[in-house]
Amino acid sequence: MNVEQVIGPHPLAPHPCGIHLAATDQNTEHAVPHRVLDDGPLQAVAFTAAMAQWIVTHHVRPEAIERDRVRREALARQGLVDPVQRFPINLSTQKGNWAEILLAEYVVASSTAQLPVYRLRYNPNVDQSMKGDDVLAFDLDSNPVRVLVGEAKFRSTPSKAVVEELVGALVKSHSGNIPASLQFVAERLFDSGDHELGAKVAACNALFAQGRLQLDYIGLLVSSRDAHLHVQRNAKSVISRLAVMSLGLADPELIVTASFAGAGAQV
């Protein structure tokens, strides 16, 4: 098993990950497929602009953006401040969401899977991390049907502990059999009126019971320049269809804050 068999090929331009990130595929010291992402070609302004747009997409429904604008203008005329908060202010939550969003967009671009629900839109408290699978993408037309389960971690400083936490979360999901968030995704699709897609997602439960569902597990660690070294030394797992990615950035916190500032300016 290699990285491409689990994740797919590294995205090509014009996708932002293809423009701004380079990729090298290898195995960790414990034989876990590992894609090393680096920011060699990264153009900071353009990349943060792409991330800002994704942040908006993942946090806010398109129809809510216009409603927010109308409400803000009405409140401003009365000298009042809009109490609605669409994006997290807490830096720790911003970092976690940033990594989750990047992983989701990367997986969709590198595979033939789709992301039917943007789960961060349903977070009742935007300043707290949301429970459940960070990423749940579906390739419902493949044979067998495939579900990609993703876990993302952001750390300003990488460590053995965070790598073990990252892989451990995926191993825990694997040991629980069907992904914990699968029913959540199905219910949100039914609620939105997309009954056909909701039924296909819900049917994954039966496919799993019949041994006809393929589950792939993908972890992403975003951190400083030596993130890949910690993943290379410490990522180990007995799950065959599991791969990890590492992204080392020169100033990871700055990119996060710039991305969220850009998102806030758009809505």
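Before any of the text, the structure's been laid out above.
Conventions used here
Residues numbered from 1 in each chain as written. Predicted model: local features only at pLDDT ≥ 70, side-chain atom pairs only at ≥ 80, totals over all residues. Heavy atoms only, no water. Helix = DSSP H or I, 4+ residues; strand = E, 2+ residues; numbered from the N terminus. Rg over C-alpha atoms; globule rule 2.2 N^0.38 Å. Buried < 20%, exposed > 50% of the residue type's maximum accessible area, 1.4 Å probe, protein only. 1 Å grid on protein atoms, 1.4 Å probe; cavity = no way out; pocket = protein on both sides within 12 Å on 5 of 7 lines; lining within 4 Å. Points joined across faces, edges and corners; volume = space filled by probe spheres on them. Nonpolar A, V, L, I, M, F, W, Y, C, P; charged D, E, K, R; others polar. Salt bridge = Lys/Arg side-chain N within 4 Å of Asp/Glu carboxyl O. Axes fitted to C-alpha atoms, helices over the stretch in contact; angles between N-to-C directions. Parallel < 35°, antiparallel > 145°, perpendicular 65-115°, else oblique. Contact = heavy atoms within 4.5 Å. Pairing = 2+ DSSP bridges. Expected span 1.5 Å × (residues − 1). Arc of directions from axis to C-beta.

Focus: the overall build of the protein chain
Phase 1 of the analysis: Looking only at helices and strands, one finds 11 helices and six strands in the protein chain.
Phase 2 of the analysis: At 19 Å, the protein chain has a C-alpha radius of gyration in line with the 18 Å of a compact globule built from 267 residues.
Phase 3 of the analysis: If one aligns the C-alpha atoms of the protein chain with their principal axes, the spans along those axes are about 60 × 45 × 35 Å.
Phase 4 of the analysis: Per-residue burial for the protein chain yields a buried fraction of 50% across its 267 residues.

Section: empty space enclosed by the protein
Phase 1 of the analysis: Tallying each qualifying case throughout the model produces two cavities of 30 Å³ or more.
Phase 2 of the analysis: Considered as a void within the structure, the largest cavity measures approximately 120 Å³ in volume.
Phase 3 of the analysis: Contributions of two or more residues to the lining of the largest cavity are made by α5 (91–110), β3 (135–139) and α7 (182–191).
Phase 4 of the analysis: Residue composition of the lining of the largest cavity, grouped by class: nine nonpolar, two polar and four charged.
Phase 5 of the analysis: Considered as a void within the structure, the second largest cavity measures approximately 40 Å³ in volume.

Regarding the pattern of salt bridges
Phase 1 of the analysis: Taken as a whole, this structure holds 16 salt bridges when the rule is applied.
Phase 2 of the analysis: We note a salt bridge from D25 to R35, for which the minimum N-O separation is 2.7 Å. With a gap of 10 residues between them, D25 in strand β1 (residues 22–27) and R35 in strand β2 (residues 33–38) connect regions that are remote in the sequence.
Phase 3 of the analysis: Salt bridges sharing common partners tie together E151, K153, R155 and E165.

Here's the deal with the packing of α5 against helix α11 (residues 252–266)
Phase 1 of the analysis: Viewed as axis vectors pointing N to C, α5 and α11 meet at an angle of 90°, and their least axial separation amounts to 10 Å. Between α5 and α11, the angle is such that the two are roughly perpendicular. Across the interface between the two elements, L91, Q94, K95, N97 and W98 of α5 pack against E253, I255, V256, T257, S259 and F260 of α11.
Phase 2 of the analysis: Of the residues assigned to the contact of α5 with α11, the class counts are five nonpolar, four polar and two charged.

Looking at the environment of D68
Phase 1 of the analysis: Mapping D68 onto the fold places it in helix α4 (residues 62–77).
Phase 2 of the analysis: The spatial distance from the C-alpha of D68 to the C-alpha of V84 is 8.3 Å, given a sequence separation of 16 residues.
Phase 3 of the analysis: Discounting chain neighbours no more than four positions away, the residues touching D68 are D82 and R86.

Topic: the sheet that holds strand β5 (residues 213–223)
Phase 1 of the analysis: Here we have six strands laid out as an open sheet, ordered β1-β2-β6-β5-β4-β3, and mixed in their pairing. Each having just a single partner strand, β1 and β3 make up the two edges of the open sheet. Strand-to-strand twist of the sheet, defined as the mean angle between neighbouring strand axes without regard to direction, takes the value 20°.
Phase 2 of the analysis: Note that β5 and strand β6 (residues 242–248) share seven bridges and pair parallel.

Concerning the pairing of β6
In the case of a regular strand, side chains alternate between the two sheet surfaces.
Phase 1 of the analysis: Counting buried positions over the seven residues of β6 gives seven, a clear majority of the element.
Phase 2 of the analysis: Neither face of β6 is left uncovered, since the one carrying L242, V244, S246 and G248 and the one carrying A243, M245 and L247 both have all their residues buried.
Phase 3 of the analysis: Bridge count for β2 against β6 is five bridges, and the pairing is parallel. Its bridge partner being in β6, V36 is matched across the sheet by S246.

Remarks on α11
Phase 1 of the analysis: Between the first and last C-alpha of α11 there are 22 Å, a value that for 15 residues agrees with the 21 Å anticipated at 1.5 Å per step.
Phase 2 of the analysis: Of the residues making up α11, those classed as buried are P252, I255, V256, S259, F260 and A263. Looking down the long axis of α11, one finds its buried residues gathered within 125° of arc, a one-sided arrangement. Residues of α11 that are exposed and angled more than 90 degrees away from the buried face: A261 and A265.
Phase 3 of the analysis: Buried residues along α11 sit against α3 (44–59), α5, β4 (145–154) and β5.

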